[in-house]
Amino acid sequence: MTAIDPHSAEEIRVRIAPSPTGDPHVGTAYIGLINFLYARQRQGKFVLRIEDTDRARFVATSEQMIFDALHWLGLEWDEGPDVGGPFGPYRQSERSGIYREHVEMLLQSGAAYRCFCTAEELEAVRRRQMAAKLPARYPGTCRTLSVTDVEANLAAGKPFVIRMKVPAHGSTTFRDELRGPITFEHTNVDDQVLLKSDGFPTYHLANVVDDHLMRISDVIRAEEWISSTPKHVLLYQAFGWQAPRFWHMPLLRNQDKSKISKRKNPVSLVYYRQAGFLPDAMLNFLGLMGGGMPADINNASEKFTLAEMIQHFDVKNIRPAGPVFDLTKLRWLNGEYIRALSLQDFYATLRSTVLADEYLTEIASLIQTRIETLGEFGNLTHFFFADDIQPASEVFLPKNRTPEETLVFAAEQLAVLEATDWTHAALEPALKQLGESKGWSVKENFMLLRAILTGSTMSPPLIESMIVFGKARTLDRVRRFIDVQKKSKK
RNA sequence: GGCGCCAUGGUGUAACUGGUUAACACGCCGCCCUCUCAAGGCGGAGAGUUCGGGUUCGAUCCCCGAUGGCGCUACCA
């Protein structure tokens, strides 16, 4: 590590690099906020890069949802896939040539090598190591392959990956700007795969190459990356590049202190938006996580705007301990923001969110044929506007089913809903197939979901209702149902 | 198991470069206001700073160790 700060005169450039694998995550918003503030405070640039190198988990609609969520919060970026910029493309899937070129450099210099081991072989080795209570490490089989062996394998058309050659001895130390120097012995750093057999880079390679090419001065990311940072530092060295500064932010936590997860918390920004959280409240709340703001701003120590954060927030003051994402406090804060609105603004906000024309039109189309007076509108649509639906057991429990098996089935429904595109064409067969395979009739199957979603056995058509209500909120309702039922059994 | 990070009430934070009756906010409880529920006002309970050593006249704060929590340990990011 260099002692002198090589960045002092440089332009500050930071980035967030979300992966389009599902709904935009509240953790992305948190890291996004801190990067945004850091850039704005230093007249720097805030870059949005899409890390879509995992084709197995890729979700086509995800990228746009990420854009929308960040716009909603007002975390505007200076460079990105949609707005362009001087260091594009900003979507990793469009940079394959760049990675191939760079991995070739590593191959040439001997900092990386081809590995022909199969997944099965590696899995077997890993199992043996685990059984022997040894650390699970790549055994190094292909590290020392001769040129002729490599040629032969290539000629035979064997698939391969490219691994980085971590030095056998010594250690790597890097500085974390929040924690100080952190050292890893090379014996504890695995020969990371850099290029997968499908030709796509892994995070580690793509990240280092892009951060360098995009002139990123400060990598501000989540704490979970600390253990892989030595790999990144080694890569910078192998390329002969100056590494950026590293800042690892604490991980947001569930109530039980585990890393925040959808099982135990709503984590989708789409959910928060649709459930009627205000962006300013969300931003304010995220700004509270880990500290960073001075103790007393305008006599109201815990309430501040984005502008005030730009003015007063200091990333150096972040505490490294992982803060619990406390929904109760977020709700209180959100209430404060709602109450602070003028009646006109409050009403306008309602009309643009939970009472938006498009939403109401869709709902209207579902109930027009089902009511006799307009006054009955609310009877059938209550669940579209409520946030605490919990059906009584008489409502959700099918005849001849035990609460236990019903809960198990609900969990299976949840898994199917999570994995299915939010369209009628995909949802109906997926749900029916699940019912068939588990011996649940269509009626039982749909009625259970209807009860969970609407709190009633009578409602507009189920799947249409789910589509209008939205995936994020539907999933949350099912998760909450399961959660409440589990707790009430205890 | 290995490696790493972290540690102030239930939760989020504060406590100047070691000296405070350990502060504020959320939540909780009570009272007031009030047709109800919120909001608002007032008050209260709740931590001696994970534990054990050390340094010091003096440690929440510095050092060491232990314990606990978390993360990583993938051809996921």
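Just so you know, the residues in each chain are numbered from 1, in the order the chain's sequence is written. By the order in which they are written, chains take letters starting at A while ligands take numbers starting at 1. This being a predicted model, a pLDDT of at least 70 is required before a residue's local features are given, and a value of 80 or more before pairs of side-chain atoms are given or counted; all residues contribute to the totals for chains, interfaces and linings. With hydrogens and water set aside, each side-chain value is computed from the structure's full complement of heavy atoms.

Trainee: Just checking my understanding: could you explain the side chain of Arg91 for this structure?
Mentor: In this description a helix means any DSSP run of H or I spanning at least four residues, a strand means any run of E spanning at least two, and both kinds are numbered starting from the N terminus. On the secondary structure map, Arg91 appears in the loop between α2 (62-73) and α3 (96-109). In protein, a polar contact requires one atom able to donate a hydrogen and another able to accept it; more generally it is a pair of N or O atoms within 3.5 Å, and residues adjacent in sequence count only if both atoms are side-chain atoms. At a separation of 2.7 Å, a polar atom in the side chain of Arg91 contacts the side chain of Glu94. Contacts were defined at the residue level, with two residues in contact if any of their heavy atoms lie within 4.5 Å. Contacts of Arg91, omitting those with residues within four sequence positions, involve Ile50, Asp52, Glu63 and Pro81.

Trainee: Looking at this structure, I do not really get the sheet that holds strand β3 (residues 112-115). What am I missing?
Mentor: Working definition: the strands of a sheet are paired by backbone hydrogen bonds and lie parallel or antiparallel to each other. The criterion for strand pairing is that DSSP finds at least two bridges linking the strands in question. An order of β3-β4-β7 is seen for the 3 strands of this open sheet, with the pairing classed as antiparallel. Since the sheet does not close on itself, it has two edges, and those belong to β3 and β7 (193-195), each with one partner. Looking at each pair of strands side by side, their axes are set apart by 45 degrees on average, direction ignored. Examined bridge by bridge, strand β4 (residues 161-164) and β7 share 2 bridges and lie antiparallel to one another. Bridging from a neighbouring strand, Ile162 pairs with Leu195 of β7. Axis lines are fitted to C-alpha atoms, over the contacting stretch for helices. Their N-to-C directions set the angle, which ranges from 0 to 180 degrees.

Trainee: Hey, could you run me through the packing of helix α17 (residues 424-438) against helix α18 (residues 442-454) in this one?
Mentor: If you want to describe how two helices pack, look at the angle between their axes and the distance between the axes. In contact at an axis separation of 9 Å, α17 and α18 are set at 120 degrees when each is read in the N-to-C sense. Here α18 runs oblique to α17, going by the angle between their axes. For α17 against α18, the interelement crossing comes out right-handed. For the pair α17 and α18, the contacting residues are Leu431, Lys432 and Gly435 in the first and Val442, Asn445, Phe446 and Leu449 in the second. Roughly parallel refers to an angle under 35 degrees, roughly antiparallel to one over 145, roughly perpendicular to one between 65 and 115, and oblique to any angle outside these ranges. For any helix crossing, the convention is left-handed if the near helix is rotated counterclockwise from the far helix by under a right angle, and right-handed if that rotation is clockwise.

Trainee: Could you clarify how one ought to interpret unusual backbone geometry in this entry?
Mentor: One can expect most non-glycine residues to show negative phi and most peptide bonds to be in trans. With an omega dihedral of 0 degrees, the bond running from Gly88 to Pro89 counts as a cis peptide bond. Within the secondary structure, Pro89 is located in the loop between α2 and α3. For Gln43, which is not a glycine, the phi torsion comes out positive at approximately 55 degrees. Summary of the burial criterion: residues with accessible area below 20% of their type's maximum are buried, those above 50% are exposed, and those between are partly exposed, where the area comes from a 1.4 Å probe applied to protein chains only. Given a relative accessible area of 66%, Gln43 falls into the exposed group. Of note, Lys257 is a non-glycine position whose phi angle comes to about 80 degrees, a positive value. Among the secondary structure elements, Lys257 is positioned in the loop between β9 (245-249) and α8 (269-274).

Trainee: Looking at this structure, I do not really get the domain arrangement of chain A. What am I missing?
Mentor: How big an interface is tends to be expressed through the accessible area that disappears when the partners come together. Where each domain starts and ends follows an automatic or database-derived domain assignment. As assigned here, chain A comprises domain 1 (269-352) and domain 2 (358-489). If you average the C-alpha positions of domain 1 and of domain 2, the two centres end up 32 Å apart. Between domain 1 and domain 2, the residue contacts involve 5 residues of the former and 7 residues of the latter. Here the quantity called buried area is the total loss of accessible area, with a 1.4 Å probe, experienced by two parts when brought into contact, counted for both. For the pair domain 1 and domain 2, the two sides together bury roughly 490 Å², of which 51% comes from carbon and sulfur. Three residues stand out in domain 1 for area buried against domain 2, namely Tyr271, Gln274 and Ala275, and they jointly supply 81% of the buried area on that side.

Trainee: Would you explain α2 in this entry?
Mentor: One turn of the α-helix equals 3.6 residues, which is why residues spaced by three or four share an orientation. In this model α2 runs 17 Å from its N-terminal to its C-terminal C-alpha over 12 residues, within 8% of the 16 Å that 1.5 Å per residue would give. Listed in full, the buried residues belonging to α2 are Ser62, Glu63, Ile66, Phe67, Ala69, Leu70, Trp72 and Leu73. Gly74, located one to two residues past α2, shows a positive phi value of around 85 degrees. One less than the residue count of a helix, multiplied by 1.5 Å, gives the span that helix is expected to have.

Trainee: Would you mind showing me how to read the nonpolar core here?
Mentor: Nonpolar side chains in soluble globular proteins generally cluster together in the buried interior. The nonpolar core is taken to be a set of buried Ala, Val, Leu, Ile, Met, Phe, Trp, Tyr and Cys residues, with the residues joined through side-chain atoms within 4.5 Å. Ranked by size, the top nonpolar core spans 57 residues in total, and within it Val26, Tyr30, Met249, Leu286 and Phe325 carry the most contacts. The next biggest cluster of nonpolar side chains, apart from the first, holds 39 residues, and it includes Phe383, Phe446, Met466 and Val468.

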